[in-house]
Amino acid sequence: MTTIAITGPGSAADGLPVAPRALAFTARAAVPWLYLAPVLLILAVWVYLPLIEAFQLSFYKWNMLPTAPKTFVGLENYQRLMTLPDMRRALWNTLFYILGLLPLSVVLPLAVAILTQDLAGPLRNVYRTLIFLPMIVAPVVAAILWRWLLNEDHGLVNHALSGLGFDKIGFLIDRDYALGTLVWITGWKLIGFSTLLFSAANAGINRSYVEAARMDGASAWQIIRDIRLPLLSPTILLITMMTILFGAQWSFVYINVLTNGGPLKSTTNVFFLLWEYGFETLAAGLSSAAGMIVFTGFALIAFICLKLMRRYSFHDN
Amino acid sequence: MTIDIEAARAAAPARPFDVRRLSRKAALHGTMILLSLVAVLPIYWMVATSLRPANDIFSSSLWPSAPSPENYRLVLESLPMFRMLANTVVMAAATAALQVLTGLLAAYALTRWRFRFSGTVHALIALSWLVPFQVTMIPNYVLATRLGLLDTLTGLVVPNAAAAFAVLILYNAMKSFPREVIEAARMDGAKHWRILWEIVTPNLRAAIASLAVLAFISAWNEYFWPLLLSRKIENSVVQIGLQMFMAQEGNLWGALMAAATLASLPILVIYLILQRQVIESFMKSGLK
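Residues numbered from 1 in each chain as written. Chains lettered and ligands numbered in written order. Predicted model: local features only at pLDDT ≥ 70, side-chain atom pairs only at ≥ 80, totals over all residues. Heavy atoms only, no water.

Structural notes on the overall build of chain B
Across its full length, chain B carries 14 helices and zero strands. Traced from its N-terminal end to its C-terminal end, chain B shows the element sequence α-α-α-α-α-α-α-α-α-α-α-α-α-α. For 288 residues, the compact-globule formula gives about 19 Å, and the C-alpha radius of gyration of chain B, at 25 Å, lies well above that figure. Its C-alpha atoms put chain B at 70 × 70 × 35 Å along the principal axes. Taken over 288 residues, chain B has a buried fraction of 52%. For chain B, restricting intrachain contacts to residue pairs at least 6 apart in sequence, the fraction spanning at least 24 positions comes to 70%. When the accessible surface of chain B is split by element, carbon and sulfur atoms take 65% of a total near 13,600 Å². (Helix = DSSP H or I, 4+ residues; strand = E, 2+ residues; numbered from the N terminus. Rg over C-alpha atoms; globule rule 2.2 N^0.38 Å. Buried < 20%, exposed > 50% of the residue type's maximum accessible area, 1.4 Å probe, protein only. Contact = heavy atoms within 4.5 Å. Areas by Shrake-Rupley, 256 points an atom, 1.4 Å probe, with all protein chains shown as cover.)

Here it is as structure tokens:
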């Protein structure tokens, strides 16, 4: 269909009435590229070229001052990363962020979506509007309001805890709680949004499957396990993949605003480490080397995830 | 058969003492009410605290005993709040407009023509969301410095003037646009430029609107890039203003909550007016 339009009589109207054939041909071939130019230019200048530059920088030592020279150090940055404990700890913490987020972004929303599928009536929209709200709240605002709610001496949560007879908890200053607290704040924004995604997918399931199974005497749990979950698998895998790929990035703001990686580095993840190396210790080479490891790692994970999604998603044809 | 069962179930009068049914209903609503509270209470508490006078700030009563604008006055005195809000509106509106514009052009090229490397281009655009910003931030920062973009709104907008998800959303919308209409216009001698702006774009209004809302909110909430570029508070956006205010006056809880409320107000108003569209556009675009 497209080719018809390109070679059809209409294409003479492309603005080149009497140009020689060859020239007209190249000009016509250039047209799509003109339309694509703005997007490609911006992505090239601000994403792909910087990616290449970061790759180059990872072999240099440089303190980011424009006047300071860059010295070539080969693989030294990578070797240092392997020996410094920072990177290992940051990688472990990254894993904890992701594993901690999955219950909040997948398990709980999925359970709620299935549990509340029969919900009807005017209240349904009210709930929708309310539970989605955290998603549009700015991360900085979320950080600030949770900092207040979780304040050790005067926060609402600790008020409630001491009212119930528990000890107060230093959510953001106790190293045993800080990481979990940041996971919760990151997840707080996602719960309602994920629930709505699962609800929409669940509502899209053809009712006749469920009715047929019910007539065959399937129990409620069997219906969920053998019909709903397989049919929801594309959405489950999608949200799981998003959480794995971006979960640690979403928590960056909270680390930066609330804990600065502490206490005792307990909340540092790889994305915060990149920032710390780059803009706090001004070790551009080290930051870039760590960046390359992170990028390669997540690109690999994305590739595997997409493969898995293609293989294990169950589609209702 | 299915219909019969459904009809029978609907027709069956609910017995007044159907305990199982009632408790199931209660459990449903209980779950949703709990979830709603988890979502809304923190935001409500922010607004409530912002209205408490200093002597009432640590109270845990649900509503301030004597609401006062004191905290807001303090914020407006110590922060160039309106200036920052205006900066943010300009930045977010420009980002959204440019993402729609560049997205329309690219999506038109990708749906309209089959050309060499179009598959590669498509992949390059889609894969750009896989590159974490923290990985490219140093070269980006160096480039922005060299171009004199530090501490400017232009610097905040330009790198975000194109977005993969904008191209992909518009690409999907355009793909379902009826080809016959375009072919007919071509037969009438219309040029591509005119077809895009006078035929395709007006018909994609819904997709464009939802994309624009999404891009506006994302840009409004953007934190990391402004953090790198900002120098003076009066040239920065509200997110940075908030962060600076917290760093300086971290324990003035009332004022901090007032500042956070002011920074969220425009987004909350948009949400109240367009909630259905906002929810749908977020759901369509996935999580990033």
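So, next bit.
Remarks on the domain arrangement of chain A
All names here are of chain A. Domain assignment breaks chain A into domain 1 (2-57) and domain 2 (76-312). Between the C-alpha centres of domain 1 and domain 2 the distance comes to 40 Å. Every contact between the two is made by four residues of domain 1 and, on the other side, five residues of domain 2. Approximately 420 Å² of surface area, both sides summed, lies buried where domain 1 meets domain 2, with 76% of it carried by carbon and sulfur atoms. When the area that domain 1 buries against domain 2 is broken down by residue, the three leading residues are Leu51, Phe55 and Leu57, summing to 82%. Across the contact surface, domain 1 and domain 2 share zero salt bridges. Linking domain 1 to domain 2 there are zero residue pairs in polar contact (both at pLDDT 80 or more). Its residues assigned to classes, the side of domain 1 that touches domain 2 shows four nonpolar, no polar and no charged. (Domains from an automatic or database assignment. Buried area = accessible area lost by both parts, 1.4 Å probe. Salt bridge = Lys/Arg side-chain N within 4 Å of Asp/Glu carboxyl O. Polar contact = N/O pair within 3.5 Å; in protein donor to acceptor, adjacent residues only side chain to side chain. Nonpolar A, V, L, I, M, F, W, Y, C, P; charged D, E, K, R; others polar.)

Some details on the domain arrangement of chain B
All names here are of chain B. When cut into domains, chain B gives domain 1 (19-68) and domain 2 (73-285). One C-alpha centre belongs to domain 1, the other to domain 2; they are set 33 Å apart. Each partner contributes to the interface: domain 1 provides six residues, whereas domain 2 provides seven residues. In this structure, the connection of domain 1 to domain 2 is made through zero salt bridges. In this assembly, domain 1 and domain 2 are joined by zero residue pairs in polar contact (both at pLDDT 80 or more). Of the residues contributing to the side of domain 1 that touches domain 2, the split by class is four nonpolar, two polar and no charged.

Some thoughts on the confidence of the model for chain A
Residues and elements named next belong to chain A. Scored by pLDDT, chain A comes out at a mean of 87, with 91% of its residues at no less than 70. Per-residue pLDDT, averaged within each element of chain A, yields its smallest value for helix α1 (residues 2-7) (36) and its largest for helix α6 (residues 139-149) (95). Contacts for the low-pLDDT stretch residues 1-16, under 50 throughout, to residues beyond four places or in other chains number 26 contacts. (pLDDT = per-residue confidence, 0-100.)

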